[in-house]
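Geometric and topological summary
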Amino acid sequence: MAGDRYDYAKNKYAALGVDTDAALSALAGVRISIHCWQGDDVGGFENADGLSGGIAATGNYPGKARSADELMADIDAALAVIPGRHKINLHAIYAVTGGEAVSRDKLEPRHFVPWVAFAKERGLGLDINPTLFSHPLAADGLTLSHPDPAVRRFWIDHCIAMRRVGEYFGRELGIPCVNNIWIPDGYKDIPADRLGPRRRLKDSLDEIFAVAFDPRYLVDTVESKVFGIGVESYTVGSHEFYLNYAAKNGVVCLLDNGHYHPTETVSDKIPSMLLFSDKVALHVTRAVRWDSDHVVIFDDELKEIAKEIVRCGALDRVLIGLDYFDASINRVAAWVTGVRNMQKALLYALLLPHAQLRQWQDEGNFTQLLTLGEEMKFYPYADVWARFCELSGVAAGCEWFDAIRAYENEVISKRR
Ligand code: RNT
Ligand code: ZN
């Protein structure tokens, strides 16, 4: 009896002063940005030579989406078993140009019309990213920081073009669009000049952001990184670089939790960011030994990230996006698993008695803080999750996979 179990959970949490109904409605209001690139291993529709830029999708699970229609169908299959209403996160290489080869610096809103129609029909938001990799002009591993002004010009124009597309998304859908700039720029070996590339990156960003777009529709974010494959020694767009750039220029930092040293946590950074910035954006991923972009699971750091967002009262100030690409398993199931885990972690965090825990911390009562924190791990949050899924009309448990398996049999496995 789902109702009985929910009532039991509700009373149990109420005894600690936690309102489960309030948690459910707070969770229902959170839009997670679902990265389209899990659907095709960051391939896109340009027919480029393959993924570059120091990132890699490994695995060859059959049946990845090869066109906008297939990708949209796969997204629909995922959304059918994901509770709530979300956003779809696009990259420039997912432009729908009807077979026409459009140079990335010449992309326009009209090349994304089918995505807007897709989003409108489903009540979704859209986010966008310029694609500064998998391209001949990124073959040197340098883009916005390239010593050649012509190469920089191309990528600056591309970024401006995608900001224009982002503003169009926001205006069309009435949901602000996040445009996130991530560049792969760096060096394999110890550089002779660390300052020069960063100065060029700064100048490029200044040009990109000098073009004004309506902030009601477009939110600009910049994503740092520590290293990539083939660029192990030096990354131009480091954390300090973007932290300072964002603070001085009114753009938003995007923290990808695969982009820091292994014992450095994004959860710990969130409150510091929120003290000084109106907003902070996230790429939630799972790094296994390196920035491996494994599917997000319900692990301790995911819960800690969610706890910080909730404790800071910042569900509307932290822009949550996912970023992983596992090509070794059913890609639709990979989407569903990661989104549902992000939601479960937020729910878990929403069901904690934060006021009580904070009071014990301030009183120096660390024993009770520890013991209740541990007991909460065995509280019946799964029953509250079941209620959330029931209200959203999706399966609460692993039955959702039946629908994905059927979709695989009927659609995915027939792709050759
Ligand atoms: C790469 C960054 C970046 C990409 C996507 C595809 O390390 O995390 O966000 O994963 O833009
Ligand atoms: Zn990322």
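Further up the page is the structure itself.
The present account deals with the structure reproduced in this document. Quick caveat, the model's predicted, so the values are computed rather than measured. (Residues numbered from 1 in each chain as written. Chains lettered and ligands numbered in written order. Predicted model: local features only at pLDDT ≥ 70, side-chain atom pairs only at ≥ 80, totals over all residues. Heavy atoms only, no water.)

Around the zinc ion (ligand 2), the protein contributes the donor atoms Glu223 (OE), Asp256 (OD), His283 (ND1) and Asp323 (OD), which lie 2.1 to 2.2 Å from the metal centre. Bound by six donor atoms, the zinc ion (ligand 2) shows angles of 72 to 170 degrees at the metal and therefore octahedral coordination geometry. All donors of the zinc ion (ligand 2) come from a single chain, and their spacing in sequence reads E-x32-D-x26-H-x39-D. Here Glu223, found in strand 6 (residues 218-223), pairs with Asp323, found in the loop between strand 10 (318-322) and helix 10 (331-350); they are 100 residues apart in sequence, far enough to count as distant. In this structure, Glu223 and Asp323 share a single accessibility class: buried. (Donors = N, O, S within 2.8 Å, 3.2 Å for Na, K, Ca; no water. Tetrahedral: all angles 85-135°; square planar, octahedral: opposite > 155°, others 65-115°. Helix = DSSP H or I, 4+ residues; strand = E, 2+ residues; numbered from the N terminus. Buried < 20%, exposed > 50% of the residue type's maximum accessible area, 1.4 Å probe, protein only.)

A regular strand carries its side chains on alternate faces of the sheet. Counting buried positions along strand 4 (residues 177-181) yields five of five residues, so the element is predominantly enclosed. Side-chain alternation along strand 4 places Cys177, Asn179 and Ile181 on one buried face and Val178 and Asn180 on a second face that is also buried. Both strand 4 and strand 6 contribute to a ladder of five bridges, which runs parallel. For Ile181, the partnering residue across the bridge sits in strand 6 and is Val222. (Pairing = 2+ DSSP bridges.)

Burial analysis of strand 6 places six of its six residues in the buried class, which makes it a mostly covered element. Judged by which residues are buried, strand 6 turns out to be covered on both faces: Leu218, Asp220 and Val222 on one side and Val219, Thr221 and Glu223 on the other are all buried. Here strand 6 runs beside strand 8 (residues 252-256); their pairing, made up of three bridges, is parallel. Looking at the pairing, Glu223 lines up with Leu254 of strand 8.

What follows covers helix 9 (residues 300-311). For helix 9, spanning 12 residues, the distance from its first C-alpha to its last is 16 Å, which sits close to the expected 16 Å at 1.5 Å a residue. Within the span of helix 9, buried status applies to Leu302, Lys303, Ile305, Ala306, Lys307, Glu308, Ile309 and Val310. Each element contacted by the buried residues of helix 9 is listed here: helix 8 (266-276), strand 9 (280-284), strand 10, helix 10 and helix 11 (354-363). (Expected span 1.5 Å × (residues − 1). Contact = heavy atoms within 4.5 Å.)

Running from N to C, helix 4 (residues 113-122) and helix 5 (residues 149-173) point in directions that differ by 30 degrees, and their axes come no closer than 11 Å. It follows from the interaxial angle that helix 4 and helix 5 lie roughly parallel. At the point where helix 4 passes helix 5, the crossing takes the right-handed sense. Between helix 4, through Val113, Val116, Ala119 and Lys120, and helix 5, the contact on the second element is made entirely by Tyr168, Phe169, Glu172 and Leu173. (Axes fitted to C-alpha atoms, helices over the stretch in contact; angles between N-to-C directions. Parallel < 35°, antiparallel > 145°, perpendicular 65-115°, else oblique. Left-handed = near helix turned anticlockwise from the far one by under 90°.)

Right, let's get into unusual backbone geometry. Even without a glycine there, the phi angle at Asp41 is positive, about 60 degrees. You can see Asp41 is positioned in the loop between strand 1 (33-35) and helix 3 (68-79). Asp41 gets classed as buried once you look at its relative accessible area, which sits at 12%. Of note in the backbone geometry, Asp293 takes a positive phi value of approximately 55 degrees without being a glycine. Its location among the elements puts Asp293 in the loop between strand 9 and helix 9.

Now for the site of ligand 1. By nearness alone, every residue bordering ligand 1 is listed as Trp37, Ile55, His91, Trp182, Glu223, Lys225, Asp256, His259, His283, Asp291, Asp323 and Phe325. Within the side chain of Asp256, one N or O atom sits 2.9 Å away from an oxygen atom of ligand 1. Take Asp323: an N or O atom from its side chain is 2.8 Å from an oxygen atom of ligand 1. Alone, ligand 1 offers 310 Å² of accessible surface; in the complex the protein occludes 100% of this. (Near = heavy atom within 4 Å. Polar contact = N/O pair within 3.5 Å; in protein donor to acceptor, adjacent residues only side chain to side chain. Areas by Shrake-Rupley, 256 points an atom, 1.4 Å probe, with all protein chains shown as cover.)

The next subject is the pattern of salt bridges. Applying the stated criterion to the full structure yields 29 salt bridges. A salt bridge links Lys303 to Asp300; its shortest N-O distance comes to 3.9 Å. With a gap of three residues between them, Lys303 and Asp300 both fall in helix 9, about one helical turn apart. Take Asp300: its relative accessible area is 56%, and that puts it in the exposed class. One network of salt bridges, in which partners are shared, links Arg66, Glu70, Asp74 and Arg415. (Salt bridge = Lys/Arg side-chain N within 4 Å of Asp/Glu carboxyl O.)

Moving on, we get to the packing of aromatic side chains. The full count for this structure, using the stated rule, is 16 aromatic pairs. The interplanar angle of 80 degrees and the centroid separation of 5.9 Å between the aromatic rings of Phe112 and Phe169 together place this pair among those described as edge-to-face. Note that Phe112 is positioned in the loop between strand 2 (87-89) and helix 4 and Phe169 in helix 5, a separation of 57 residues in sequence. For the pair shown, Phe112 and Phe169 are each scored as buried. Here the aromatic rings of Phe154 and Trp155 are separated by 4.8 Å at their centres, their planes lie at 80 degrees, and the arrangement is edge-to-face. There is no split in this pair, since Phe154 and Trp155 are both buried. The structure contains a cluster of three or more aromatic residues connected by ring pairs, namely Phe209, Phe241, Tyr242 and Tyr245. Sitting above the plane of the Tyr379 ring, Lys12 keeps its charged end 4.8 Å from the centroid. Positioned above the aromatic ring of Tyr348 is the side chain of Lys303, whose terminal nitrogen or guanidinium carbon lies 5.4 Å from the ring centre. (Phe/Tyr/Trp six-rings, centres within 6.5 Å; stacked < 30°, edge-to-face > 60°. Lys NZ or Arg CZ within 6 Å of the ring centre and 35° of its normal.)

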